[in-house]
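What the coordinates show
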Amino acid sequence: GLNIENTGAGTFTNPLALLNRGTTNNTGVSLSFRGLSAASAETDYAYLRMLSTDTTSRHGRIEFWTANSGTVTEKLCITRDGLVGIGTSDPTSGSSSYYDDLVVRNATSGTGAGITIQSNSTNGFSGLNLRKADGADLGKFVAECSNGKLYIETAGSAAITVDSSQRVGIGVTSPSALLHVKS
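Residues numbered from 1 in each chain as written. Predicted model: local features only at pLDDT ≥ 70, side-chain atom pairs only at ≥ 80, totals over all residues. Heavy atoms only, no water.

Time to look at the overall build of the protein chain. The number of helices and strands found in the protein chain is zero helices and twelve strands. The order of α-helices and β-strands along the protein chain, N terminus first, is β-β-β-β-β-β-β-β-β-β-β-β. Going through the 183 residues of the protein chain one by one, you find that 20% of them count as buried. For the protein chain, restricting intrachain contacts to residue pairs at least 6 apart in sequence, the fraction spanning at least 24 positions comes to 9%. For the protein chain, the computed accessible surface area is about 13100 Å², with 53% contributed by carbon and sulfur atoms. (Helix = DSSP H or I, 4+ residues; strand = E, 2+ residues; numbered from the N terminus. Buried < 20%, exposed > 50% of the residue type's maximum accessible area, 1.4 Å probe, protein only. Contact = heavy atoms within 4.5 Å. Areas by Shrake-Rupley, 256 points an atom, 1.4 Å probe, with all protein chains shown as cover.)

Now the structure itself:
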């Protein structure tokens, strides 16, 4: 195999460069990960691909391709604008440019797509935090693992709570009825 080693502490070297000599748009270079199949045939298992999407403006993208039953297809891309597509080669094709920084699409013929956020503790939390550019919290979606409650938080406190019995609390964290609104 190829061994690339950097012995300088705190330094970065560029010992391996893949050079695209194409001067037209949508040309690039690939790093192919190959191996032998069970039938001893040489097989592509994955690619890391770089594309020059606009050679005049020097724009590019990175694509990650993996094999499924012998067919190698694109699974993840990072565009020139830093948008990330998982299961899509075009994360800019969503319905709103406000929400297209990370686009996850179903990679099969099914009807759903999703993201799983999993706590590493049965007493922990899983959540999604929404922040402004300065880091200030706007709101959170939080799942509490110990009691199965879901919270939508604004201004640092639970605005809406759904408990494990599907009781909904607005302004309360322990709803006592199907709909419990703090007056």
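Moving on: the pattern of salt bridges. Working definition: two side chains of opposite charge can pair if their charged atoms are close together. Taken as a whole and judged by the stated rule, the model has eight salt bridges. Among the salt bridges present, the one from aspartate 44 reaches arginine 34, with a minimum N-O distance of 2.5 Å. Placement of aspartate 44 in strand β2 (residues 42-54) and of arginine 34 in strand β1 (residues 27-36) is noted, with a sequence separation of ten residues between them. The salt bridge involving arginine 49 is made with glutamate 63; its shortest N-O contact spans 2.8 Å. Remark: glutamate 63 occurs in strand β3 (residues 59-68) and arginine 49 occurs in strand β2; sequence separation between them is 14 residues. Residue classification places arginine 49 among the partly exposed positions, given a relative accessible area of 25%. If you follow the salt bridges from partner to partner, you end up with Arg49, Arg61, Glu63 and Glu74 in one network. (Salt bridge = Lys/Arg side-chain N within 4 Å of Asp/Glu carboxyl O.)

As for its placement among the helices and strands, glutamate 153 is situated in strand β9 (residues 149-154). Lysine 140 is the oppositely charged side chain nearest to the buried, salt-bridge-free glutamate 153, at an N-O distance of 4.3 Å. Every residue in contact with glutamate 153, bar those within four places of it in the chain, is listed here: Leu138, Gly139, Lys140, Val142, Ala158 and Ala159. (Lys, Arg positive; Asp, Glu negative; His and termini not counted.)

It is worth spelling out the sheet that holds strand β8 (residues 137-144) at this point. Spatially, six strands are ordered β7-β8-β9-β10-β11-β12 in an open sheet, and the strand pairing comes out mixed. Of all the strands in the sheet, the pair left with one neighbour each is β7 (125-131) and β12 (179-181). Strand after strand, the sheet turns through a mean of 20 degrees between neighbouring axes, direction not considered. (Pairing = 2+ DSSP bridges. Axes fitted to C-alpha atoms, helices over the stretch in contact; angles between N-to-C directions.)

Within the secondary structure layout, threonine 55 lies in the loop between β2 and β3. You can call threonine 55 partly exposed: its relative accessible area is 27%. Considered as a pair, threonine 55 and threonine 27 are 28 residues apart in the sequence and their alpha carbons are 9.0 Å apart. Each residue touching threonine 55, except ones within four places of it in the same chain, is listed here: Gly22, Thr23, Thr24 and Asn25. Polar side-chain contacts of threonine 55 include one of 2.9 Å to the backbone oxygen of threonine 23. (Polar contact = N/O pair within 3.5 Å; in protein donor to acceptor, adjacent residues only side chain to side chain.)

The next thing to look at is unusual backbone geometry. The residue serine 40 is not glycine, and still its phi comes out positive at about 65 degrees. Topologically, serine 40 is positioned in the loop between β1 and β2. By relative accessible area, which is 56% here, serine 40 ends up exposed. In the Ramachandran plot, arginine 58 falls in the positive-phi region, its phi being about 60 degrees despite a non-glycine side chain.

Here β9 runs beside strand β10 (residues 157-162); their pairing, made up of five bridges, is antiparallel. Within β10, the residue paired with leucine 150 across the bridge is valine 162. Hairpin connection from β9 to β10: two residues lie between these consecutive antiparallel strands, with alanine 155 at a positive phi of about 55 degrees.

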